[in-house]
Amino acid sequence: MSAASRGTVRVRNGGVVALGALPPLEPDEFRAVCGVALTAGGRLVALPAFALGTDDGRDVFAVIANDDESELTVTRTRLARGAGFDALTPEFPEAQAFERELFEDHGIIPVGHPWLKPLRQAHLKTDAAQHTFFSVDGDGIHEVAVGPVHAGVIEPGHFRFQCAGEDVLHLEIHLGYQHRGAERLLVLGSPARRIAVAESIAGDTAVGHALAYAHVIESLAGVRPPLAAQTIRGLALELERVANHVGDLGALANDVAFLPAAAWFGRLRGEFLNLLMALSGNRYGRGLVVTGGVRFGLPSDMRQAFTAKLAETEADLRATAETLFSSPSVSSRFEQTGVVSDATAEDLGLVGVVARASHVARDARRDHPIGIYRFVHIPLALAETGDVMARAVVRWIEVQRSLTFLREQIAELAEGPLRTPSTAADSFAPDSLAVALIEGWRGEIAHVAATNGSGDLRGYKVVDPSFHNWFGLAMALRDNAISDFPLCNKSFNLSYAGHDL
Amino acid sequence: MLDILQARWRQGFRTVLLPVTQDAFPDRFRGRPIIDSTKCVDGCRACVDACPTGAITITAPAPATAPATATAPVSTSAPANRVTLDLGKCIFCPACVEACPTGAITYTRDHRLAARTRDDLRITNAEAPKIAALDAAMRKLLGRALRLRQVSAGGCNGCEAELVALGNVVFDMSRFGIQFVASPRHADGIVITGPVTHNMRQALIETYEATPAPRIVIAVGACAISQGAFASESGPVSGIPPEIPVDLFIPGCPPHPLTVLDGLLRMLGRNES
């Protein structure tokens, strides 16, 4: 924790802010401090509001990442329901969803926000003004509505296209169907329940969210997991990344009807899930991460089996990727489809694969290393064109780099204890706020947790990478044919449950 | 084209042939748990307290002798507690196994978990849940061609991903004549995942109603069966509405694709294949 300008505290990823050292600013001062940090190259990571006091007021925190300095700036204000501050969104579009959330969940008013449409409860509200869809009028303009129940086996969401013929003028993405009250359970649940909920925020990212949860809880409890556990966590996170990226490459192949690669990638994805199952007992790595470490290690006979399986699978993967990327019919569908410019990616604060495919160099493993990533660096993968091809290529490069990481770390795995005594992680520092960023396979996962004066957990905020990126998908569709929507959607592959919480 | 054929040759034949045994799963795989109540220590509730979803209940046996007084030691010869584990609530985490001081609960690698009634999911010993096939008329209708519409109603994409995996070359559900279809109008039944959020309740009911009768309903995963990790008294989830009767429960978090396939095939009376 280092001192910065008045009313802010700077911490590293996984750090704890003593709230006594961070008195609330006046709302307009809070807005000004956020504006300065965001203008100076900062990036909005979270904007949570917690009821930490005894009254109905909310402590609103802004967590802003300074990627170049590997630091997070935290600032704070206090607002009652119905009060507010000048919205950040007109100047910093990346804040749009965060400010809508503040309004929807806490009644805090970002003054001058262009459209405070609820993010998660829109279709239950009776207020017609909040309920409407953006629409386009004119000759030959038509509207296509899809969802919430889609044609495939996929989570629910509603998509509203404004089209001129085949071309999409605008896509509005209307979510909230998956809202399960996850953050509430992360505050109120027993420790065993909380980690089960964290693993289910997005079931395809069970390891990523469990790690973010474990890091904030460990920070609040002052617990540090043993080194061997940090390595196992890294192995699981990279296995999760490889499995999902490989699955996505198969799904992309399927959406352009290139069925050989679709079938083979589909099988190969399972090989990595099966390695996670051999490690943790579950194909998605559930049950592996505990606060204070991990439950399972890799004894030497398993290390040998993993190494052999990885080598065999990598050879099959290379042959499949070669088939995919050398096919002209695939290239003609992937290239220049669903382009997101680097300027748009920056403005919207996109993260993860999607940002890197638009040449926005951000990766929490590099910028805010935590756990094993402090000792082992995985080179960042960047592409320039921002299209479906770029998002496919970034995934393929990341698969290869994660495989290298897996090979090396399995070979060098240190013996040693895997977890600290389980009771140590149950008592928290009072009046504290902890932040953890994990680069999941989709992108940056942020968890923020805060305690009150008695050391009780009183606030928990989850920011799935999808929360940043859904608007990027809407922008990618502009001036594309509506028939390319499935392909564009697959190239983002965002989480509905992770957004809706 | 030759390259594609060469790559295809390299991939080989990858489909899992049924039936599979426990050896198909790794040592740490958490399949059907078994309970040995005779190992329980009187008064111990460690597993009940450790379980994140309240899946375990202990009913003390009726005292065989006069109740012990406050100062007298509890008789060690009394009949054991009766431990009941609800597979519909279980998320197959290791918490109870870790908490148990005597090893009375263990996970086997048996992937077969499905049951036809909610009550059959409550197990008390080492036996697998019972499962009866559909009646002859339904088997005649659906036994060789079953088309299902999937509805995710708050699912985290864990169960959904495993249902998608059923279509890949490894599990290849379509070899049994079972497929997911795009419209409930084309379906013989629906597969529900997720704890049924308030925001999906109406869409779920409408999808069910749009499916022509006779139709079957399959609940996949702890959330759909019991709301799983999201069960709470005042949360925004409420489970499958009573007007949608469930014909098959497939526990898990998420269930392994082979667990789903086993449940479907046994419901169709095709476990012999």
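Residues numbered from 1 in each chain as written. Chains lettered and ligands numbered in written order. Predicted model: local features only at pLDDT ≥ 70, side-chain atom pairs only at ≥ 80, totals over all residues.

(A) Quick look at the overall build of chain A. Along the backbone of chain A there are 17 helices and 17 strands. The C-alpha radius of gyration computed for chain A amounts to 22 Å, which stays within 12% of the reference 23 Å derived for 501 residues, consistent with globular compactness. Taken along its principal axes, the extent of the C-alpha atoms in chain A is 70 × 60 × 35 Å. The buried share of chain A, reckoned over its 501 residues, is 58%. (Helix = DSSP H or I, 4+ residues; strand = E, 2+ residues; numbered from the N terminus. Rg over C-alpha atoms; globule rule 2.2 N^0.38 Å. Buried ≥ 20, exposed ≤ 12 C-beta atoms within 10 Å, placed from the backbone.)

(B) Representation of the overall build of chain B. Helices and strands together make up the secondary structure of chain B, namely 8 helices and 10 strands. Residue burial in chain B is summarised as follows: out of 273 residues, 45% are buried.

(C) Spotlight on unusual backbone geometry. All names here are of chain B. Here the residue pair Leu18 and Pro19 is connected by a cis peptide bond, since its omega of -5° sits within 30 degrees of zero. Summarising the element assignment, Pro19 is placed in the loop between α1 (2-11) and β1 (33-35). A cis amide bond links Cys253 with the next residue in sequence, Pro254, at an omega value of -15°. Mapped onto the elements of the fold, Pro254 is located in the loop between β10 (248-250) and α8 (257-267). Phi at Gln227 is positive, roughly 75°, even though this residue is not glycine.

(D) Looking closely at the sheet that holds strand β9 (residues 216-220) of chain B. Residue and element names in this part refer to chain B. Strand order in this open sheet of 5 strands is β7-β6-β8-β9-β10, and the pairing throughout is parallel. Edge positions in the sheet fall to β7 (178-180) and β10, since each has one partner strand and no second. Direction aside, neighbouring strands of the sheet carry axes that sit 25° apart on average. Pairing analysis gives 3 bridges linking β9 to β10, with the strands arranged parallel. Its bridge partner being in β10, Val220 is matched across the sheet by Ile250. (Pairing = 2+ DSSP bridges. Axes fitted to C-alpha atoms, helices over the stretch in contact; angles between N-to-C directions.)

(E) Local environment of the nonpolar core. With 234 residues, the main nonpolar core has Val45(A), Val63(A), Ile64(A), Val216(A), Leu276(A), Ile192(B) and Val220(B) as its most contacted residues. If you count residues domain by domain, this core takes at least three from each of domain 1 (2-120) and domain 2 (182-495) of chain A. Leaving out residues up to four positions away in the same chain, Val45(A) has contacts with Val63(A), Ile64(A), Ala65(A), Leu72(A), Leu437(A), Ala446(A) and Val463(A). (Core = buried A, V, L, I, M, F, W, Y, C linked by C-beta atoms within 7 Å. Domains from an automatic or database assignment. Contact = placed C-beta atoms within 7 Å.)

(F) Just the domain arrangement of chain A, in detail. All names here are of chain A. On domain assignment, one finds that chain A holds domain 1 (2-120) and domain 2 (182-495). Each side of the interface is counted separately: domain 1 has 28 residues, and domain 2 has 28 residues. If you list the elements that add at least two residues to the side of domain 1 that touches domain 2, you get β3 (16-18), β4 (43-46), β6 (58-66), β7 (71-79) and α2 (96-106). Of the residues contributing to the side of domain 1 that touches domain 2, the split by class is 19 nonpolar, 6 polar and 3 charged. (Nonpolar A, V, L, I, M, F, W, Y, C, P; charged D, E, K, R; others polar.)

(G) Up close: the packing of helix α7 (residues 227-255) of chain A against helix α16 (residues 485-492) of chain A. Residues and elements named next belong to chain A. Running from N to C, α7 and α16 cross one another at 175°; their axes reach a closest spacing of 9 Å. Put simply, α7 runs roughly antiparallel to α16. Residues Asp248, Ala251, Leu252 and Asp255 of α7 pack against Pro486, Leu487, Lys490 and Ser491 of α16. Residue classes in the contact of α7 with α16 are distributed as 4 nonpolar, 1 polar and 3 charged. (Parallel < 35°, antiparallel > 145°, perpendicular 65-115°, else oblique.)

(H) The pairing of β7(A), seen in detail. Residues and elements named next belong to chain A. Counted residue by residue, β7 has 8 buried out of 9 residues, so it is predominantly covered. As defined by bridge partners, strand β2 (residues 8-11) adjoins β7 across 4 bridges and the pair is classed as antiparallel. Pairing of Arg10 across the sheet is with Thr73, part of β7. In this structure, β6 lies alongside β7, joined through 9 bridges in antiparallel fashion.

(I) Expanded view of helix α5 (residues 191-199) of chain A. Residues and elements named next belong to chain A. Judged by how many residues are buried, α5 sits mostly within the fold: 7 of 9 residues are covered. Listing the buried residues of α5 in full gives Arg193, Arg194, Ile195, Ala196, Val197, Ala198 and Glu199. Its buried side turned inward, α5 meets α4 (182-188), α6 (206-221) and β13 (289-290).

(J) Molecular detail of the pairing of strand β17 (residues 457-463) of chain A. All names here are of chain A. Judged by how many residues are buried, β17 sits mostly within the fold: 6 of 7 residues are covered. As judged from the 6 bridges shared by strand β16 (residues 444-451) and β17, these two strands associate in the antiparallel manner. Paired with Ala450 across the two strands is Gly459, which belongs to β17. The loop that links β16 with its antiparallel partner β17 comprises 5 residues; one of these, Gly455, has a positive phi angle of about 80°.

(K) Region of interest: the sheet that holds strand β10 (residues 141-146) of chain A. Residues and elements named next belong to chain A. In space, the 3 strands of this open sheet follow the order β10-β11-β12, with antiparallel pairing throughout. Two strands bound the open sheet, and with one partner strand each, they are β10 and β12 (167-174). Pairwise comparison of adjacent strand axes, ignoring direction, gives a mean angle of 20° for this sheet. The pairing of β10 with strand β11 (residues 158-164) spans 6 bridges and is antiparallel. Counted as the bridge partner of Val146 is Phe159 from β11.

(L) Expanded view of the packing of helix α14 (residues 388-412) of chain A against α16(A). Residues and elements named next belong to chain A. Where α14 contacts α16, the two axes come as close as 9 Å, and the packing angle between them is 30°. Considering the angle they form, α14 stands roughly parallel to α16. Handedness of the α14/α16 crossing: left-handed. Of the residues in α16, those touching α14 at Val388, Arg391 and Ala392 are Leu487, Cys488 and Ser491. Across the contact of α14 with α16, the residue classes tally to 4 nonpolar, 1 polar and 1 charged. (Left-handed = near helix turned anticlockwise from the far one by under 90°.)

(M) Just the environment of His106(A), in detail. All names here are of chain A. Structurally, the position occupied by His106 is in helix α2. A C-alpha to C-alpha distance of 8.5 Å links His106 and Gly82, two positions 24 residues apart in sequence. With residues near it in sequence (within four places) discarded, His106 still touches Ala49, Arg58 and Arg81.

(N) Main features of α16(A). Residue and element names in this part refer to chain A. Across the 8 residues that make up α16, a large majority, 7, are buried. Of the surrounding secondary structure, the elements contacted by the buried residues of α16 are α7, α10 (328-334), α12 (352-357), α14 and α15 (465-477). In the stretch just after α16, Asn493 is the one whose phi turns positive, near 40°.

(O) Just the environment of Val136(A), in detail. Residue and element names in this part refer to chain A. Its location among the elements puts Val136 in the loop between α3 (128-131) and β10. According to the C-beta neighbour criterion, Val136 is partly exposed, with 13 such atoms within 10 Å. Distance in space between the C-alpha atoms of Val136 and Glu408 is 54 Å, their sequence separation being 272 residues.

(P) Spotlight on the confidence of the model for chain B. Residue and element names in this part refer to chain B. Per-residue pLDDT for chain B averages 89, and the proportion of residues at 70 or more is 92%. With pLDDT under 50 throughout, residues 66-77 is counted as low confidence; its partners more than four residues away or in other chains account for 5 contacts. With a pTM of 0.94, the predicted complex shows an ipTM of 0.93. (pLDDT = per-residue confidence, 0-100.)

(Q) Structural context of the environment of Arg185(B). Residues and elements named next belong to chain B. With respect to the helices, strands and loops of the structure, Arg185 is situated in the loop between β7 and β8 (189-193). On the neighbour-count criterion, Arg185 (10 C-beta atoms within 10 Å) is exposed. Distance in space between the C-alpha atoms of Arg185 and Arg118 is 27 Å, their sequence separation being 67 residues.

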